[in-house]
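Residue-level listing of the chains:
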Amino acid sequence: MGEFSEKVFAVVREVPRGKVASYGQVARLVGAPRSARYVGYALHANPDPGAEVNNIPCHRIVFKDGGLCKGYAFGGPDVQREMLEEEGVTFADDEHVDMDACQWDGHGVDVDGGDLPLAPPADFDWERELGD
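Residues numbered from 1 in each chain as written. Predicted model: local features only at pLDDT ≥ 70, side-chain atom pairs only at ≥ 80, totals over all residues. Heavy atoms only, no water.

K.L.:
Before we go on, may I ask you to explain helix α3 (residues 36–44) in this structure?
P.N.:
Each α-helix turn comprises 3.6 residues. Residues three or four places apart therefore point the same way. Inspection of α3 places V39, A42 and L43 among the buried residues, and these make up the whole buried set. For α3, the arc enclosing every buried residue in end-on projection is 95°, short of the 170-degree limit, so these residues lie on one face. Exposed residues pointing more than 90 degrees away from the buried face of α3 are listed as R37 and H44. (Buried < 20%, exposed > 50% of the residue type's maximum accessible area, 1.4 Å probe, protein only. Helix = DSSP H or I, 4+ residues; strand = E, 2+ residues; numbered from the N terminus. Arc of directions from axis to C-beta.)

Laid out in structure tokens, this is it:
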């Protein structure tokens, strides 16, 4: 995997059980605001999904409105919802996490300041990032 994906995975590993983060929130935490879609691409290629200690718990990443991913790469939205419910995440309705109750605050993630990119760099290697 490439550097962007590794940063995404590192942030996602920090999201605790019972909490969720949005794709955009992860993008901001890796220093790439407005790159939520690229976070999704990185997580689609997650080499180690799951909720165990060394896994990358991509099921904890949802849309900013709390919506689940219709194309959740590891079993669909029903599997994502089941995994979140097992961790104590509450839902506002059938398709949306209660973001007021369950959104992670990002505490503990070290994000360096400065000029933040609005998109991946020109030499961004999609094949390397996506593991193709």
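K.L.:
Explain the nonpolar core here, please?
P.N.:
What tends to happen in soluble globular proteins is that the nonpolar side chains get buried as a cluster. V8, V12, V26, V30, V39, L43 and I61 are the most contacted members of the largest nonpolar core, which totals 21 residues. Listing elements by their share of this core, those giving two or more residues are α1 (3–14), α2 (23–29) and α3. In terms of residue count, the dominant contributor to this core is α1 (five residues). Beyond its immediate stretch of four places on either side in the chain, V8 contacts V26, V30, V39, A42 and L43. With nine residues, the next largest nonpolar core counts L68, L84, V89 and V97 among its residues. (Core = buried A, V, L, I, M, F, W, Y, C linked by side-chain atoms within 4.5 Å. Contact = heavy atoms within 4.5 Å.)

K.L.:
Before we go on, may I ask you to explain the environment of V11 in this structure?
P.N.:
Within the secondary structure, V11 is located in helix α1. Assessed through its relative accessible area of 6%, V11 is described here as buried. Taking the C-alpha atoms as reference points, V11 and V30, 19 residues apart in sequence, are found 7.2 Å from one another.

Worth remembering: the numbers are spatial, not functional.
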